[in-house]
Protein chains: 2
Amino acid sequence: MDAMGRSTKPSVEGSKKPRATTAPASAPGSGADVGSDFLQLDIGQAPPGGRTAWLADRLRSAIADGRLPVGARLPASRVLADELRVTRGVVTEAYRRLAESGQIAGRGRLGTVVVAAPAAPRDRARGTAQTGPALFGSADREGVVDALRALPCRIDLSPGVPDLAAFPRTEWLRAERAVLAGVTPADFGYGDPRGALALRRAVTGWLARNRGVRADPDEVVVVAGVAQALGLLAQILRADGIRRIAVEDPGSLGARQQLEYGGHAIVPVPVDAGGLDVGALRASGARAVLLTPAHQFPTGVVLDGERRRRLLGWAAEGGVVIEDDYDAEHRYDRPPVPALRSLASEGVCYAGSVSKLLAPALRVGWLLVPPDRLDALVAAKRYADLGNGILTQLVLARLMDSGELERHLRHVRLRHRRRRDVMLRAVEAHLPGARVHGAAAGLHLTVTFRDQSGGFRDTDLAAAALAEGVKVHPLSWHRISPGPPGLVLGYAAGPAHDIDEGIAAVGAVLRGLRSGR
Amino acid sequence: MDAMGRSTKPSVEGSKKPRATTAPASAPGSGADVGSDFLQLDIGQAPPGGRTAWLADRLRSAIADGRLPVGARLPASRVLADELRVTRGVVTEAYRRLAESGQIAGRGRLGTVVVAAPAAPRDRARGTAQTGPALFGSADREGVVDALRALPCRIDLSPGVPDLAAFPRTEWLRAERAVLAGVTPADFGYGDPRGALALRRAVTGWLARNRGVRADPDEVVVVAGVAQALGLLAQILRADGIRRIAVEDPGSLGARQQLEYGGHAIVPVPVDAGGLDVGALRASGARAVLLTPAHQFPTGVVLDGERRRRLLGWAAEGGVVIEDDYDAEHRYDRPPVPALRSLASEGVCYAGSVSKLLAPALRVGWLLVPPDRLDALVAAKRYADLGNGILTQLVLARLMDSGELERHLRHVRLRHRRRRDVMLRAVEAHLPGARVHGAAAGLHLTVTFRDQSGGFRDTDLAAAALAEGVKVHPLSWHRISPGPPGLVLGYAAGPAHDIDEGIAAVGAVLRGLRSGR
């Protein structure tokens, strides 16, 4: 920070209109004579042994937040190395990493210039100096989903995101106006850690209407999405002596990481056409299981009636069922599948959110647990954050109570269905021989390949697709035990022509892989 | 839930306009013949051995959320006991608890009726069947702050809340409109766990202008208030092998509980007129300390210059300083006190929030940690909730960038100062002999009593004040080691006449306590 006063570029602060300040001004020329004016880089901030990663990260940040726009020229590696008092290899390696992820490129006499900036600067992960191939090849998947999200691309077919362009901005603003007009001063104070009563009531109405779940508002805890729900459950189950949680295999990588971070060992249980293998769950000895009964992630299968009964029998004997009802409201060619929680409240922890209904960035969900775990859950939520923010809760409550959210859902369902159909046609055209799973509902489909030619790794396919600007999830990310290669393909977020073009690009790189190019 | 179809009162759902539903309707008369139509009480939901507490809690909930409005009559205890198949003692004891907290009362022939409902229904804690005296007398303080918050009162002099009636609703809505007009679809997706770049930039500007802190947006992690900041720090410090955290004594009960819930043993370190005793900290052997250097909670003292230097020396040797800068922006008769973080970034974890600037219910704060802890913090925040909600972040960023938040601060500072002056006069008039601490800044002041007459317990004083409808914090809640009785009195939230009347009521009950009435 010593060098901040000598910056030759306008700093974040400097770009604002001047204002009276109580902060001491940096005297020009003050501070030690170390560091670079370029981005005010100070090698003293780099962790020991991590200078290259640190420098690459700083450059990536500057590109992402616009300090280094497309076309900006980077200092010659020799010059920057001198200024930072590092070896030239540190700088060239950092440059190489950014070049590999497509953000900078050598332009002959022009030197090294910025050639691409991420579309969404805030969608950038931290501490990940990983490039595409390194990322997909990594055995350590910690933060890998964030890292992929952060990389720039032309077409994003990642799963798990609804049509965000359809976000009901006008209705949101109208509801916010009404909320701000009606909210009491006390509502702005510290509140109930379970969340606003208005939203807990609205959620019970929503669940009764849409998911067959009957609950009392007193049983609902508003959480910051299913991610927080899983984190809080991991915590209270550990406090209860549970150390191992069974999960579906294949199943969500993100959810698994959430539980592992919460201190649990993961027990994989196979999934087949009828959903989770309840016999295998029983045989595993795990006392808790996380599953997605209405639309299994990523295969899309529905937990069948017989298995539901057997699973609830297991729960009645003391097993803990965590039902992640993440996208059940999105269905196209099949009747609604009721939530497990609608069949039994004992032993079932039920989690849902608005991430797939409206937008993940709202970070609002709900968690219902059996009565004997409610006090522990409320304490966990209290100590996590004292409860969710109030205004978003009250706006959502209005949108739910007024029927606006159901209208929105009907609206996006039509768009999602059309996009799914485009993707199905594109898969048929461009990925011959691929088997499609779980297209009847949700926001994604899964394809698997049964290759005659000895097969390939789906991580290689995903990496090659990313090199062509198309982002997909390799199915193996979401597998614990090995299985045929595949891809998990989100179709809901983007326009139809992107879907067709993206799948065509995947088809082209797949042909390349198979022909051994 | 079996009895839901037979309810004689309109249920939450029933009060809404009818709408197409996919939920199965409850058949009237279906289900087992157990439970009461009154509030659809089902004793099967009560935990074993906790029926009284459960029933009291259900009644309290129904009063709080309006299902039992003021004037509503409760069933005769004999009738309700029969319906619930419990002994009559369970019902009479539950009724007694609610009568003791002033929510219901016997009215002769009319039976037992609801006489008071909480002012803010959502401000209700769970799992606390505590009445005022039980609450203040409790040795187990888990959830005690929430429980006090949940109780009804006439005048609330709890500390830690700014003038909530001054919340800038118009400016908020205007900023929200601009945000909704400018936000991209990608902003509604999963984002950077550190928070929106726009807010991280705005926070660095705010901290530079107002707290003398220079930081890069990449170092800022947006959190759900200081409570979450402490929870995340507790987690990453434990992962680093730290198991004991030193805290100020006296110091914030809530912060202490946060760290204890996070698995840490608490090491009390005395506070005197110069702030935390750094020598005692060093002697304690603790490797981390939480403190409030700019305006110590609850005493209001400032950490003096010599101790700052010694504390930073301790940090340079490897100690971890957690600086809770909770209300430093509020000052009246003294120059600004810079943040410790402005003097050194190594070894200092800096936490602040908008809770005291705008409203606690927004649940937004920020946490800056030294570079070697940043990756661990980002991972902890990712697994906690994947990041804060986007809209509130972007609105706050606009209010900070436009200068609106500083205007708001100047505006409320005048109101807060007037209210503080009213409280100082009221203390002088009604609490003779009380010693006032920390009135030069903040949102509260602390009074201590040095009684000639052998003393009294401040929890008794607070309980007696609550019985008169006035809510205050006993100083002993925030003490670890014993000390003179006292009160922590918030003056910022309410109007001047409430302050005067509240302190007068405290004075009256104090005279009663002293005369042994």
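These numbers were taken from a predicted model, which means no experiment stands behind them. (Residues numbered from 1 in each chain as written. Chains lettered and ligands numbered in written order. Predicted model: local features only at pLDDT ≥ 70, side-chain atom pairs only at ≥ 80, totals over all residues. Heavy atoms only, no water.)

## Brief notes about the overall build of chain A
Phase 1: The number of helices and strands found in chain A is 16 helices and 16 strands.
Phase 2: Counting the 517 residues in chain A, one finds 61% classified as buried.
Phase 3: When the accessible surface of chain A is totalled, it reaches about 18,900 Å², and 52% of it is carbon and sulfur. (Helix = DSSP H or I, 4+ residues; strand = E, 2+ residues; numbered from the N terminus. Buried < 20%, exposed > 50% of the residue type's maximum accessible area, 1.4 Å probe, protein only. Areas by Shrake-Rupley, 256 points an atom, 1.4 Å probe, with all protein chains shown as cover.)

## Here's the deal with the relation of the copies chain A and chain B
Phase 1: It takes a turn of 180° to lay chain A on chain B, together with a shift of 0.0 Å along the axis; the resulting RMSD is 0.1 Å. Those values place the two copies in the arrangement expected of a two-fold rotation axis.
Phase 2: A share of 99% of interface residues in chain A that are also interface residues in chain B marks the association as one of identical surfaces. (Least-squares fit on C-alpha atoms with pLDDT ≥ 70 in both. Contact = heavy atoms within 4.5 Å.)

## Comments concerning the sheet that holds strand β13 (residues 444-448) of chain B
Residues and elements named next belong to chain B.
Phase 1: Ordered in space as β12-β13-β16-β15, the four strands form an open sheet in which the pairing is antiparallel. Two strands close off the open sheet at either side, each with one partner strand: β12 (435-437) and β15 (473-474).
Phase 2: When β12 meets β13, the two strands line up antiparallel, connected through three bridges. Note on β13: the bridge partner recorded for Arg 435 is Thr 448. (Pairing = 2+ DSSP bridges.)

## Quick look at the packing of helix α7 (residues 197-211) of chain A against helix α13 (residues 390-401) of chain A
All names here are of chain A.
Phase 1: At a minimum axis separation of 8 Å, α7 and α13 run at an interaxial angle of 35°. Every pair of crossing elements has a handedness; the one defined by α7 and α13 is left-handed. Seen from α7, the contacting residues are Ala 198, Leu 199, Ala 202, Val 203, Trp 206 and Arg 209; seen from α13, they are Gln 393, Leu 394, Leu 396, Ala 397, Met 400 and Asp 401.
Phase 2: Classifying every residue of the contact of α7 with α13 gives nine nonpolar, one polar and two charged. (Axes fitted to C-alpha atoms, helices over the stretch in contact; angles between N-to-C directions. Left-handed = near helix turned anticlockwise from the far one by under 90°. Nonpolar A, V, L, I, M, F, W, Y, C, P; charged D, E, K, R; others polar.)

## Some points on the packing of aromatic side chains
Phase 1: For the structure shown, the criterion picks out 12 aromatic pairs over all chains.
Phase 2: Between Tyr383(A) and Tyr261(B) the ring centres are 4.4 Å apart and the planes differ by 20°, which places this aromatic pair in the stacked class. Taken together, the positions of Tyr383(A) in helix α12 (residues 371-385) and Tyr261(B) in helix α9 (residues 253-261) put the pair across two chains.
Phase 3: Accessibility expressed as a relative area gives 6% for Tyr383(A), which makes it buried.
Phase 4: We classify Tyr261(B) as partly exposed; its relative accessible area is 32%.
Phase 5: Ring plane angle 25° and centroid distance 5.3 Å describe the contact between Phe136(B) and Trp477(B), whose orientation is recorded as stacked. Of the two residues, Phe136(B) sits in helix α4 (residues 132-137) while Trp477(B) sits in the loop between β15 and β16 (486-490), which places them 341 residues apart along the sequence.
Phase 6: For Phe136(B), a relative accessible area of 3% translates into the label buried.
Phase 7: One aromatic cluster in this structure is built from Phe167(A), Trp172(A) and Phe188(B). (Phe/Tyr/Trp six-rings, centres within 6.5 Å; stacked < 30°, edge-to-face > 60°.)

## Section: the interface of chain A and chain B
Phase 1: Every contact between the two is made by 102 residues of chain A and, on the other side, 102 residues of chain B.
Phase 2: When chain A packs against chain B, close to 9,200 Å² is buried across both sides, 52% of that on carbon and sulfur atoms.
Phase 3: We note a salt bridge from Asp146(A) to Arg382(B), for which the minimum N-O separation is 2.4 Å.
Phase 4: Connecting chain A to chain B are 24 residue pairs in polar contact (both at pLDDT 80 or more).
Phase 5: Secondary structure elements with two or more residues in the side of chain A that touches chain B: α1 (51-64), α5 (144-150), α6 (169-182), α7, α8 (225-239), α9 (253-261), α12 and α13 of chain A.
Phase 6: Looking at which element gives the most residues to the side of chain A that touches chain B, the answer is α12(A), with 11 residues. (Buried area = accessible area lost by both parts, 1.4 Å probe. Salt bridge = Lys/Arg side-chain N within 4 Å of Asp/Glu carboxyl O. Polar contact = N/O pair within 3.5 Å; in protein donor to acceptor, adjacent residues only side chain to side chain.)

## A look at unusual backbone geometry
Phase 1: A cis amide bond links Asp249(B) with the next residue in sequence, Pro250(B), at an omega value of 0°.
Phase 2: Even without being glycine, Arg85(A) reaches a positive phi, approximately 55°.
Phase 3: With respect to the helices, strands and loops of the structure, Arg85(A) is situated in the loop between α2 (77-84) and α3 (88-100).
Phase 4: Here Arg85(A) falls in the exposed class, since its relative accessible area comes to 58%.

## Here we look at the sheet that holds strand β8 (residues 288-291) of chain A
All names here are of chain A.
Phase 1: The strand order across the open sheet formed by eight strands is β4-β11-β10-β9-β8-β5-β6-β7, and the pairing between neighbours is mixed. Every other strand in the sheet has two partners, leaving β4 (220-223) and β7 (275-276) as the edge strands with one partner each.
Phase 2: Here strand β9 (residues 320-324) pairs with strand β10 (residues 348-353) via four bridges, running parallel. Residue Ile 322 lies in a different strand from β10, and its bridge partner there is Cys 349.
Phase 3: Across the sheet, α12 touches β4, β9 and β11 (365-368), and the angle it forms with β4 is around 25°.

## Brief notes about α13(A)
Given 3.6 residues to a turn, an α-helix orients residues that are three or four positions apart in the same direction.
All names here are of chain A.
Phase 1: With 12 residues, α13 should cover 16 Å at 1.5 Å per step; its first-to-last C-alpha distance of 16 Å lies within 8% of that length.
Phase 2: Here α13 lies mainly inside the structure; 10 of its 12 residues are buried.
Phase 3: Regarding α13, the residues found buried are Ile 390, Leu 391, Thr 392, Gln 393, Leu 394, Val 395, Leu 396, Ala 397, Leu 399 and Met 400.
Phase 4: Looking one or two places after α13, you find Gly 403, whose phi comes out positive at around 85°. (Expected span 1.5 Å × (residues − 1).)

## A few points about the environment of Ala246(B)
Residues and elements named next belong to chain B.
Phase 1: Within the element layout of this structure, Ala 246 appears in strand β5 (residues 244-249).
Phase 2: Between the C-alpha atom of Ala 246 and that of Val 269, which follows or precedes it by 23 residues, the distance is 6.4 Å.
Phase 3: Residues within four places of Ala 246 in sequence aside, it is in contact with Val 267, Val 269, Leu 281, Ala 286, Ala 288, Val 289 and Leu 290.

## Describing the confidence of the model for chain A
Residues and elements named next belong to chain A.
Phase 1: The predicted model of chain A has a mean per-residue pLDDT of 85, with 87% of residues at 70 or higher.
Phase 2: Confidence drops under a pLDDT of 50 for residues 1-34, and excluding neighbours within four residues, the segment shows 45 contacts in the predicted structure.
Phase 3: Note on residues 119-130: pLDDT is under 50 here. Beyond four places in sequence and across chains, it has 45 contacts.
Phase 4: Scored as a complex, the prediction yields pTM 0.76 and ipTM 0.76. (pLDDT = per-residue confidence, 0-100.)

## Here's the deal with the packing of helix α2 (residues 77-84) of chain B against helix α3 (residues 88-100) of chain B
All names here are of chain B.
Phase 1: The contact between α2 and α3 brings their axes to 8 Å, and the two run at 125°. It follows that α2 is oblique to α3 by the angle criterion. Regarding α2 and α3, the two cross each other, and that crossing is right-handed. From α2, Ser 77, Arg 78, Leu 80 and Ala 81 reach across to α3, where they touch Arg 88, Val 91, Thr 92 and Tyr 95.
Phase 2: When grouped by side-chain class, the residues that make up the contact of α2 with α3 number four nonpolar, two polar and two charged. (Parallel < 35°, antiparallel > 145°, perpendicular 65-115°, else oblique.)

## With respect to the pattern of salt bridges
Phase 1: This model, assessed by the stated rule, comprises 48 salt bridges over all chains.
Phase 2: Across the pair Asp146(A) and Arg149(A) runs a salt bridge whose closest N-O atoms are separated by 2.8 Å. A residue pair is termed a helical-turn pair when its members lie 3 or 4 positions apart in one helix, as Asp146(A) and Arg149(A) do in helix α5 at three residues.
Phase 3: Assessed through its relative accessible area of 24%, Arg149(A) is described here as partly exposed.
Phase 4: Ionic pairing is found between Arg373(B) and Asp240(B), a salt bridge with its closest N-O pair at 2.8 Å. Pair noted here: Arg373(B) is in helix α12 (residues 371-385) and Asp240(B) is in the loop between α8 (225-239) and β5, with a separation of 133 residues, a long-range link.

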